[in-house]
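# Summary of structural features
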Protein chains: 2
Amino acid sequence: MEARQEKNENAVGEAIAVLTQRFGDRVSTAQAMREQHGHTTTYHKNLPPDAVVFAHSTEEVAEIVRVCATRDVPIIPFGAGSSLEGQLNAPFGGISIDLSQMDKILSVNAEDLDCTVQAGVTRVELNEYLRDTGLFFPIDPGANASIGGMASTRASGTNAVRYGTMREVVMGVTVVMADGRIVRTARRAKKSSAGYDLTRLMVGSEGTLGIMTEITLKLFGIPEVIAAAVCSFDTLEGACDATIMTIQTGIPVARIELLDEVMVRGSNAYSHLDLAEKPTLFLEFHGSEASVKEQSERFAEIASEFGGSDFDWATRAEDRTKLWTARHDAFWAAKQMAPGKEGVASDVCVPISRLAECVMETKADIDASGLIGPIVGHVGDGNFHASLMVDPGDKEETAKAQGILDRMVERALAMDGTCTGEHGIGQGKIKFLDAEHGPGVDVMKAIKVALDPQNIFNPGKIFPV
Amino acid sequence: MEARQEKNENAVGEAIAVLTQRFGDRVSTAQAMREQHGHTTTYHKNLPPDAVVFAHSTEEVAEIVRVCATRDVPIIPFGAGSSLEGQLNAPFGGISIDLSQMDKILSVNAEDLDCTVQAGVTRVELNEYLRDTGLFFPIDPGANASIGGMASTRASGTNAVRYGTMREVVMGVTVVMADGRIVRTARRAKKSSAGYDLTRLMVGSEGTLGIMTEITLKLFGIPEVIAAAVCSFDTLEGACDATIMTIQTGIPVARIELLDEVMVRGSNAYSHLDLAEKPTLFLEFHGSEASVKEQSERFAEIASEFGGSDFDWATRAEDRTKLWTARHDAFWAAKQMAPGKEGVASDVCVPISRLAECVMETKADIDASGLIGPIVGHVGDGNFHASLMVDPGDKEETAKAQGILDRMVERALAMDGTCTGEHGIGQGKIKFLDAEHGPGVDVMKAIKVALDPQNIFNPGKIFPV
């Protein structure tokens, strides 16, 4: 693939001029707009694009891609701006295509349990739209991300343990390729053996292979009974071991989320909870009345075996909402614990049998550092996060945090896990791709070159150039 | 990609000589051996490879690939020989790599609910090995296929409605690329956002992108209670509508299989059953005692609404085995109904809401033809098969059968379905790939060229040359 070194100012200027003529005030080069579109939520240095274009349709995206391709100008797709690994930065300049105004829900096929949406629809908007259908869309990263962005990073969240990740729930996508061609990757059949799985190739490709503009998603029936509960543990290891046993015995929990005692302290403050400051699991059970009863009884037995408290049930819908909102706000709660500091965050995912070991060793590493660094995780999947609070101007502190997170990744890889369960590679995890995939990285690069020979799609992400 | 026209006899001869020197009597050029390795189960004309090599390890496969790549000789991977669309034929000659002696189960991680096997292990062998672990592997195409072959065609079967297809249960593969490099596509974490999804790119690629030699699979706990039942219906439409309603209301059936009255007659004769010769569903419910009771009661309500009979329960393990063996033997039962004839078989998959319509129109088409052509299907997924019995020497009859199956595919595509739910493209469905994927086919070809520029891997499958 074309290795990018520096940008061609003339080409970029020309592309902006052509786009402005075509799209008028839907093109912006204002500094604030550009910086917002390089936004990374976390500690990555802001590298703004040269301009932002708001697209309204797949055809417009194709048109913008052709304008940029002709001039070899990079394109960075933008949804809600909530990615964590620098996916939206523009290290080689270029045009940010903002898809947030592509916010139409194109169809809901309730009888097939699927829907098709434009890429800019957010997960919350989709669920609000579905409210009267008896269906819901389960994938819920912390932020109110766009469906396109979630597909791009292969996002998951708290419900993934039961309902899968974007890998499982995306049935097909409409994607604009590097030459402006428009491809629909799959039809709406539940399964197919017809050719290569382009859908899953696009999901998780972080805008480097094509721009997803429309996404067909699986939906699920809202369960008859939903019961949420909080269960605190004497030890972090106990909470992890109870999770492992829950998964190994096949209890179909809908959610099983870990907050270590640091995170509980932060969430108590930020989200006005009054939980015991102990390692804690937030749980949710979905099913019929009999099934939820059975699941929760079986979990209770396991919890008591590992030092768990009695449940604190959240039976009313508003109490459940408060609980899960607090969980989704964990990142901001962590930030509030260290005013003026930035979060250096990372996630890993390991086989479930190694969860306790990986969490405990990471916890010990954080404790030894003296940094504030809560651990929180979608532990039913073996996936957890650490957010270390640092002063970005303090090089020593930043290096210390980075060291902890690097060791966390190395630990996960040594346990046959992955360097990221749900955040993606972006810029932040590029250094681990070789360690995780070895010669598989060359296969990925060969695909990248084949589908985007000019390297105009999100250069400097997943791969260094 | 290199378009193959005819084979280079000298190059093939040289490759066979080199391989024979290296692998001795594990190389065979005997006519019977070659013909068996072009075996297609169905009506496709046998096009045998020039030689067969039995590989014993990933490294040996890599060595064979390098010998062939140097000489531009085609390679066709072979597992159990049970594919249905001509996947094993050698239209341009070449070497069949037989993986059936790579039959080791390399590891079972019961605590992570996964295992890693060599590609030649069959689904039955795997389940026999797992017998004392409390775990099972659910994917079950009719034949006792090899795991490698099942991954290659993205196979599924009767349990897919609950447990997914090979797309969902393959966690990672070790694959030999066209230049002999060995790549492991993923680690054992349940989810990952680290780079392109090479696992799912390889699954379903029918030996055209690489040769899968080791496969890591998800396993599942054997349910506490398993209950199988037979329910016959007054009409085919009633059986389909009951299935649709079962899926739409979210009953987590483990199996829901349709046999039309023609298939029931065939299975009664072949498998010594005494079922009423009516459209029939074979069902299985998995779960706790309470859950199975709840599921079966809910299904019974639906069935009675659509003209279903009372259940005939198969509670004893041996009765269940008899039932599912009969279902797996449907292909052979169909053949027995028309002695001396061959089955021209095809499968399609449609969104569940269109199932009844697609089945009924296909049934009417078959009935009008006067051919024996039972319909059988994994209807919970919207997936069904028709097998038309023809005399291969009778051109008119064969053309009639092909016309019915072509119209079945066109019907499925018009309903936003796929030309194959689980058999793959092979040679038989190449003509439908463009109709299904349009410009997506060019994307597939670009990937094929990038990963196999010489087109040595299974040429003439998925794509015409």
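Residues numbered from 1 in each chain as written. Chains lettered and ligands numbered in written order. Predicted model: local features only at pLDDT ≥ 70, side-chain atom pairs only at ≥ 80, totals over all residues.

### Structural notes on the packing of helix 9 (residues 236-248) of chain A against helix 11 (residues 289-305) of chain A
All names here are of chain A. In plain terms, the rule: Lines are fitted to the C-alpha atoms to define the axes, a helix being fitted only along its stretch in contact, and any angle between axes, read from their N-to-C directions, falls within 0 to 180 degrees. Put simply, DSSP H or I for four residues or longer makes a helix, DSSP E for two residues or longer makes a strand, and each gets a number counted from the N terminus. Throughout, a crossing is termed right-handed when the near helix is turned clockwise from the far one, and left-handed when it is turned anticlockwise from it by less than a right angle. This entry defines residue contacts through backbone-placed C-beta atoms, with two residues in contact when those atoms are within 7 Å.
Where helix 9 contacts helix 11, the two axes come as close as 9 Å, and the packing angle between them is 145°. Regarding helix 9 and helix 11, the two cross each other, and that crossing is right-handed. On the side of helix 9, the interface is formed by Ala242, Met245 and Thr246, while helix 11 contributes Phe299, Ile302 and Ala303.

### Remarks on the pairing of strand 3 (residues 75-78) of chain B
Residues and elements named next belong to chain B. What counts here: Counting other C-beta atoms within 10 Å of a residue's C-beta gives its exposure: the residue is buried at 20 or more, exposed at 12 or fewer, and partly exposed in between, where C-beta atoms are placed from the backbone. Between any two strands, pairing holds if DSSP finds at least two bridges.
Burial of strand 3 is two-sided: the residues Ile75 and Pro77 facing one way and the residues Ile76 and Phe78 facing the other way are all buried. Direction of pairing for strand 3 relative to strand 4 (residues 95-98): parallel, over a ladder of four bridges. Within strand 4, the position partnered with Ile76 by the bridge is Ser96.

### Some details on the sheet that holds strand 4 (residues 95-98) of chain A
Residues and elements named next belong to chain A. Read across the open sheet, the four strands follow the order 1-2-4-3; overall the sheet is mixed. Sheet topology places strand 1 (27-28) and strand 3 (75-78) at the edges, where each strand pairs with a single neighbour. Of the pairings in the sheet, the one linking strand 1 to strand 2 (residues 51-54) comprises two bridges and is antiparallel in character. When the sheet's bridge partners are listed, Ser28 is paired in strand 2 with Val52. Of the strands in this sheet, strand 2, strand 3 and strand 4 are in contact with helix 3 (residues 58-70), which crosses strand 4 at around 175°.

### Re the relation of the copies chain A and chain B
Heads up, the rule is: To line up the copies, we fit them by least squares on C-alpha atoms, keeping just the residues with pLDDT of at least 70 in both.
The operation relating chain A to chain B is a screw motion whose rotation component is 180°, with 0.0 Å of axial translation and a residual RMSD of 0.0 Å. Within this description, the copies of the chain are treated as partners about a two-fold rotation axis. Taken together, the interface assignments show that 100% of the residues at the interface of chain A recur at the interface of chain B, consistent with an identical surface on both copies.

### Quick word on the packing of helix 1 (residues 9-23) of chain A against helix 3 of chain A
Residues and elements named next belong to chain A. The line we're drawing: Each angle is binned into one of four classes, with values under 35 degrees roughly parallel, values over 145 roughly antiparallel, values of 65 to 115 roughly perpendicular, and all other values oblique.
One way to put it is that helix 1 packs onto helix 3 with a least axis distance of 9 Å and a crossing angle of 155°. Taken as axis vectors, helix 1 and helix 3 run roughly antiparallel relative to one another. Like other packed secondary-structure pairs, helix 1 and helix 3 cross with a definite hand, here right-handed. Across the interface between the two elements, Ala15, Val18 and Leu19 from helix 1 touch Ile64, Val67 and Cys68 from helix 3.

### So, the sheet that holds strand 17 (residues 375-378) of chain A
Residues and elements named next belong to chain A. Read across the sheet, seven strands follow the order 15-12-14-13-17-18-16 without closing on themselves; strand pairing throughout is antiparallel. Across the chains shown, the open sheet's two edge strands, defined by having one partner strand only, are strand 15 (312-314) and strand 16 (342-349). The mean inter-strand angle of the sheet, taken between neighbouring strand axes irrespective of direction, is 20°. Against the sheet, helix 10 (residues 261-271) contacts strand 13 (255-259), strand 14 (280-287) and strand 17, and its axis sits at roughly 95° relative to strand 13. Against the sheet, helix 11 engages strand 12 (225-232) and strand 14, with an angle of about 155° to strand 14.

### Remarks on the environment of Leu283(A)
Residue and element names in this part refer to chain A. Within the element layout of this structure, Leu283 appears in strand 14. Note on Leu283: 27 C-beta atoms within 10 Å, which makes it buried. Sequence separation of Leu283 and Glu294 is eleven residues, and the distance between their C-alpha atoms is 14 Å. Those residues in contact with Leu283 that lie beyond four places of it in its chain are Ala228, Ala229, Cys231, Val253, Arg255, Ile256 and Phe299.

### Things to note about the confidence of the model for chain A
In low-pLDDT regions, the fine details of the predicted coordinates are not to be read closely. Spelled out, the test is: Each residue gets a pLDDT score, which is the predictor's confidence in that residue and runs from 0 to 100.
Overall, the prediction assigns chain A a mean pLDDT of 96, with 100% of residues at 70 or greater. Both scores are available for the predicted complex, with the pTM at 0.97 and the ipTM at 0.97.

### What to know about the domain arrangement of chain A
All names here are of chain A. Basically, it comes down to this: Bear in mind that the domain bounds are from an automatic or database domain assignment.
Its domain assignment divides chain A into domain 1 (105-221), domain 2 (225-331) and domain 3 (338-423). The gap between the C-alpha centroids of domain 2 and domain 3 is 21 Å. With 18 residues of domain 2 at the interface, the matching set in domain 3 holds 18 residues. Contributions of two or more residues to the side of domain 2 that touches domain 3 are made by helix 9, strand 13, helix 10 and helix 13 (330-336). At seven residues, the largest contribution of residues to the side of domain 2 that touches domain 3 is made by helix 9.

### What to know about the environment of Val409(A)
Residues and elements named next belong to chain A. Mapped onto the elements of the fold, Val409 is located in helix 15 (residues 395-414). Along the primary structure Val409 and Phe432 are separated by 23 residues, whereas in three dimensions their C-alpha atoms are 8.0 Å apart. Leaving out residues up to four positions away in the same chain, Val409 has contacts with Ser346, Val348, Cys419 and Phe432.

### Description of the interface of chain A and chain B
In plain terms, the rule: The classification used treats Ala, Val, Leu, Ile, Met, Phe, Trp, Tyr, Cys and Pro as nonpolar, Asp, Glu, Lys and Arg as charged, and all other residues, Gly among them, as polar.
Between chain A and chain B, the residue contacts involve 71 residues of the former and 71 residues of the latter. Breaking the side of chain A that touches chain B down by element, the ones donating at least two residues are helix 7 (166-169), strand 9 (182-184), helix 8 (198-202), helix 11, helix 16 (430-437) and helix 17 (440-451) of chain A. If you tally residues by element for the side of chain A that touches chain B, the top one is helix 17 of chain A, at eight residues. Within the side of chain A that touches chain B, the residues separate by chemical class into 26 nonpolar, 26 polar and 19 charged.

### Topic: helix 15 (residues 395-414) of chain B
Residues and elements named next belong to chain B. Cut-off, in case you're wondering: Any helix carries an expected span of 1.5 Å times its number of residues minus one. Summarising the geometry, the arc corresponds to the directions from the helix axis toward the C-beta atoms.
Here helix 15 spans 28 Å end to end across 20 residues, near enough to the 28 Å set by a 1.5 Å rise per residue. Within the sequence span of helix 15, burial applies to Ala401, Ile404, Leu405, Met408, Val409 and Ala412. Buried residues of helix 15, viewed axially, fall in a sector of 135°; they line one side. Structural note: helix 15 exposes Lys395, Glu396, Ala399 and Ala414 on the side pointing more than 90 degrees away from its buried face. The secondary structure elements touched by the buried residues of helix 15 are strand 16 (342-349), helix 14 (355-369), strand 18 (383-390) and helix 16 (430-437). Backbone geometry just after helix 15 places Asp416 at a positive phi near 65°.

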